[in-house]
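Chains, contacts and geometry: an overview
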Amino acid sequence: MNNVIFTKDGKKLIYYPNSLENTHYTIPKEVEIIESNAFSLSKLKSVSFNKELKEIHEKAFYVNKNMKSLFIPENVERIGKLGFAGNKQLEQVIIVSNE
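Residues numbered from 1 in each chain as written. Predicted model: local features only at pLDDT ≥ 70, side-chain atom pairs only at ≥ 80, totals over all residues. Heavy atoms only, no water.

Describing unusual backbone geometry
Note: most residues except glycine have negative phi, and most peptide bonds are trans. Backbone geometry places Asn37, a non-glycine residue, at a positive phi of 65°. Inspection of the secondary structure assignment puts Asn37 in the loop between β4 (33-34) and β5 (46-48). When its relative accessible area of 36% is taken as the criterion, Asn37 is described as partly exposed. We note that Lys59 has phi near 55°; this positive angle belongs to a residue other than glycine. Inspection of the secondary structure puts Lys59 in the loop between β6 (55-56) and β7 (69-73). Take Lys59: its relative accessible area is 30%, and that puts it in the partly exposed class. (Helix = DSSP H or I, 4+ residues; strand = E, 2+ residues; numbered from the N terminus. Buried < 20%, exposed > 50% of the residue type's maximum accessible area, 1.4 Å probe, protein only.)

Thoughts on the sheet that holds β6
Strand order in the open sheet formed by five strands is β1-β2-β4-β6-β8, with mixed pairing between adjacent strands. Here the strands that pair on one side only, and so sit at the sheet edges, are β1 (5-6) and β8 (78-79). Bridge count between β6 and β8: two bridges; the pairing is parallel. When the bridges of β8 are listed, Ile56 appears paired with Ile79. (Pairing = 2+ DSSP bridges.)

Comments concerning the side chain of Ser42
On the secondary structure map, Ser42 appears in the loop between β4 and β5. A polar contact of 3.4 Å, which involves the side chain of Ser42, links it to the backbone nitrogen of Leu44. At 2.7 Å, the side chain of Ser42 forms a polar contact with the side chain of Asn64. With residues near it in sequence (within four places) discarded, Ser42 still touches Tyr16, Asn18, Val63, Asn64 and Lys65. (Polar contact = N/O pair within 3.5 Å; in protein donor to acceptor, adjacent residues only side chain to side chain. Contact = heavy atoms within 4.5 Å.)

Describing a nonpolar patch on the surface
On the surface, Ile5, Ile14 and Tyr15 cluster together into a nonpolar patch covering about 230 Å² of accessible area. According to the relative accessible area criterion, Ile14 is partly exposed, its value standing at 35%. (Patch = residues over 30% accessible without salt bridge, like charges linked within 9 Å, V, L, I, M, F, W, Y side chains within 5 Å. Areas by Shrake-Rupley, 256 points an atom, 1.4 Å probe, with all protein chains shown as cover. Salt bridge = Lys/Arg side-chain N within 4 Å of Asp/Glu carboxyl O.)

Regarding the side chain of Ser40
Structurally, Ser40 can be placed in the loop between β4 and β5. When its relative accessible area of 10% is taken as the criterion, Ser40 is described as buried. A distance of 3.3 Å separates a polar atom in the side chain of Ser40 from the backbone oxygen of Lys59. Residues contacting Ser40, with those up to four places away along its chain left out, are Asn18, Lys59, Ala60, Tyr62 and Asn64.

Bear in mind that shape data such as this cannot, by itself, settle questions of function.
Laid out in structure tokens, this is it:
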């Protein structure tokens, strides 16, 4: 999948290469956990999260210069320390209902 690294069972997204030029990424439906630094320094402007996502680990979206807003599904149980730190363009993080 575009060199994005997942655990064998697909439940953890480990790394999204910051060399990719994509501006949008959709988290696959199997992913329940986004690991620490997974999206650090990416060029993404937006991310679509799945309804199965439960955890966003520390610094998962560290220093994403283009990200302006994120809409996180309400079933996310944990967002790690500094999960979105260093995102100077990020204006809002909204928790949205799964309905």
